Amino acid sequence: MDWMQKWPDDCIDLIYLDPPFKSDTNYNILFGTQNGKPAQLQAFEDTWYWNEKAHERVENLKGAIAHPAHKPIAGLHLMLGDCGMLAYLSYMAERLAEMKRLLKPTGSIYLHCDPSASHYLKTIMDGIFDGRNFRNEIVWKRRADKHNLATKTMGPLHDVILWYGDIEEANYNRQYTPYSKDYIDSHYKHKDERGNYRLLPCTNESGGNKPYEFRGVNRAWRFSKDRMEDMYDQNLLVQLKPEGPYYYKKYLKDAEGVPLQDLWDDISPCRGKESLGYPTQKPRALLERIINASCPPHGIVFDPFCGCGTAIDAAQRLNRQWLGVDISSFAIDLIVKERLQDRSIPVAGIPLDLTGAKRFAEADRFGFEKWAINRVPGFVPNEKQVGDGGIDGRAKLMNKWNDLNLALAQVKSGGLGGLASDARDFLHVMQREDAVCGVFITTEKIDGRKRSAHEEFESMGRFEIGANNYPRVQFWSIEEYFDGRFPNLPPMLNPYTGKPMAQIHLI
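Quick look at the structure, then. Here the structure is a predicted model, which is why all the values come from computation and not from measurement. (Residues numbered from 1 in each chain as written. Predicted model: local features only at pLDDT ≥ 70, side-chain atom pairs only at ≥ 80, totals over all residues. Heavy atoms only, no water.)

1. Digging into the overall build of the protein
Then step 1. When you go through the protein residue by residue, the secondary structure sums to 15 helices and 26 strands.
Then step 2. For the protein, the proportion of its 507 residues judged to be buried stands at 47%.
Then step 3. Taking the contacts inside the protein whose residues are at least 6 apart along the sequence as the reference set, 64% of them involve residues at least 24 apart.
Then step 4. Summing over all exposed atoms, the protein offers an accessible surface of approximately 26,000 Å²; the carbon and sulfur share of this is 48%. (Helix = DSSP H or I, 4+ residues; strand = E, 2+ residues; numbered from the N terminus. Buried < 20%, exposed > 50% of the residue type's maximum accessible area, 1.4 Å probe, protein only. Contact = heavy atoms within 4.5 Å. Areas by Shrake-Rupley, 256 points an atom, 1.4 Å probe, with all protein chains shown as cover.)

Printed below as a string of structure tokens:
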């Protein structure tokens, strides 16, 4: 949250957040198999526990009588007691209060959640953004299961999106959905050379308009006499019976559609090419609707839990400025490599040089391991980081060698003592897993003084795919990554899509 505290007040036009839902689920990405079972990368954990940090957070909010979340959290604590749900809600309250400071008076915030916590989150949102500024509880039908397997409940098919914005000042560009075929057939049943149209009365008997005579008919018309004459000349007026009132033609091509309601059942979940394999990815059409409705042209969209970057992608396509934040280096890599690979995107908060990488390794060893694995094109980190069987990352070769196509990686984030022993252990892991090749990643480059470790790997020889041959096992370092040098590997399958990807070779 520190990064938000450094930003100025009233600087954001639209905030969309799709935070953890308190679903008590760990979300994984499947990428092949491990010992015949699906191999997974844990994208993020959505399980919350009551601990000392949660206790401190709740007590601070209960003691801060001027904090906008003071009353909601105090009341929820009284009702829920010390529990994982309150740990989650207090975490969200701190961040939502900071988002309120960032939002312009004309801005809106859309909080995407599900029924597991939406009722509690609305209480917090009422406290922070003022319940009078509650605009809608939008229900998005995210699934269309006809054979739902729920046995003790009704099938859960929807998410909730809570929209808040100043009731007087917030931007809102009214949105429309297309008419149904039945509506078009029943209402736009007339047709001429200009297309389908319906007839609407030109009279306005109850609108306070003064009557006047138009072509022998005296009525209170909804349009001025000049406008009526103009429509008559353009053949836009119809008189259904002599001396009767006139009707005007409303063409289907000029109709905007049905004004958007708070039940959205016309946007399907991600499928096909749009899907990146991210477990909670939202469809681009959903974000485009929200941005078009509440962010002015060239305004700023902010997603503080951006995940795989759907809001960022939608904002970019709609010519809005944007900011995205996520604590997962995996999520940032997915955005940079998959979402916006054709653009140069400034990224902050992850190592930009070897010194930063060393600090990262010291502060968060497991986080560094995931980040290091993601530096090698085609590889993704292993789900388990404790008791991982000597495997930190996996990849699949595009072409098989001896009916095998698995590649493995291991990261050594600390010192290089016992490197030869670590190398032998990694070779045993490769043999156990029937891996074609492997990459042993260190922070700094392995020099010639580690001859015995090099000899361990060289003993595995090389292999050929097509006209090229590659080392079975090789050292590679983050130092080389910052020098623009990559492992010498054959072409890999994209771990997110399963499609071939070009592999970067050692320079």
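2. Observations concerning the nonpolar core
Then step 1. One finds L17, M92, L96, I109 and L121 to be the most contacted residues of the largest nonpolar core, which totals 39 residues.
Then step 2. Of all the elements in the fold, those that place two or more residues in this core are β1 (12-17), α2 (52-63), α3 (70-80), α4 (84-102), β4 (103-113), α5 (118-129) and β6 (158-165).
Then step 3. A total of 11 residues in this core trace back to one element, the largest contributor, which is α4.
Then step 4. Not counting residues up to four positions away in its chain, the partners in contact with L121 are Y88, L89, M92, L111, C113 and L162.
Then step 5. With 26 residues, the next largest nonpolar core counts F368, I441, W476 and L489 among its residues. (Core = buried A, V, L, I, M, F, W, Y, C linked by side-chain atoms within 4.5 Å.)

3. A short note on the sheet that holds strand β8 (residues 190-192)
Then step 1. Overall, antiparallel pairing links the four strands, which are arranged β8-β9-β13-β12 in an open sheet. A strand with exactly one partner marks an edge of an open sheet, and here the two such strands are β8 and β12 (237-239). Neighbour to neighbour, the strand axes of the sheet diverge by 45° on average, direction disregarded.
Then step 2. Sheet analysis places β12 next to strand β13 (residues 246-251), joined by three bridges and oriented antiparallel. Opposite L237, over in β13, you have Y248 as the bridge partner. (Pairing = 2+ DSSP bridges. Axes fitted to C-alpha atoms, helices over the stretch in contact; angles between N-to-C directions.)

4. Quick look at the side chain of H112
Then step 1. Tracing the chain through its elements places H112 in strand β4.
Then step 2. A polar side-chain atom of H112 sits 2.9 Å from a polar atom in the side chain of Y16.
Then step 3. There is a polar contact of 2.9 Å between the side chain of H112 and the side chain of D159. (Polar contact = N/O pair within 3.5 Å; in protein donor to acceptor, adjacent residues only side chain to side chain.)

5. Considerations on the pattern of salt bridges
Then step 1. This model, assessed by the stated rule, comprises 22 salt bridges.
Then step 2. Its salt-bridge partner being E98, residue R101 comes within 2.7 Å of it at the nearest N-O pair. A residue pair is termed a helical-turn pair when its members lie 3 or 4 positions apart in one helix, as R101 and E98 do in helix α4 at three residues.
Then step 3. Owing to a relative accessible area of 13%, E98 belongs among the buried residues under this scheme.
Then step 4. One salt bridge in this structure joins K358 and E444, with 3.3 Å as the shortest N-O distance. (Salt bridge = Lys/Arg side-chain N within 4 Å of Asp/Glu carboxyl O.)

6. As for the side chain of E480
Then step 1. Looking at the secondary structure, you find E480 in helix α15 (residues 478-482).
Then step 2. Here E480 sits buried without a salt bridge, and the closest side chain of opposite charge, R485, lies 4.1 Å off (N-O distance).
Then step 3. A polar atom in the side chain of E480 sits 2.8 Å from the backbone nitrogen of S477.
Then step 4. When neighbours within four sequence positions are excluded, E480 is seen to be in contact with K445 and R485. (Lys, Arg positive; Asp, Glu negative; His and termini not counted.)

7. Considerations on the environment of D326
Then step 1. With respect to the helices and strands, the residue D326 is situated in the loop between β17 (321-324) and α10 (329-339).
Then step 2. Its relative accessible area of 23% is what places D326 among the partly exposed residues.
Then step 3. Separated by 23 residues in the primary sequence, D326 and G349 have C-alpha atoms spaced 9.6 Å apart.
Then step 4. In contact with D326, other than residues within four places in its own chain, are F305, C306, G307, A331 and I332.

8. Digging into the sheet that holds strand β15 (residues 263-264)
Then step 1. If you walk across this open sheet you meet the seven strands as β15-β5-β6-β4-β1-β16-β17, and the pairing is mixed. Two strands close off the open sheet at either side, each with one partner strand: β15 and β17.
Then step 2. Pairing between β1 and strand β16 (residues 300-303): two bridges, direction parallel. Note that in β16 the partner of I15 across the bridge is F302.
Then step 3. On the sheet, α4 packs against β1, β4 and β16 and is oriented at approximately 150° with respect to β4.
Then step 4. Helix-sheet contacts for helix α8 (residues 284-294) involve β1, β4, β5 (134-141), β6, β15 and β16, and the interaxial angle to β1 is about 155°.

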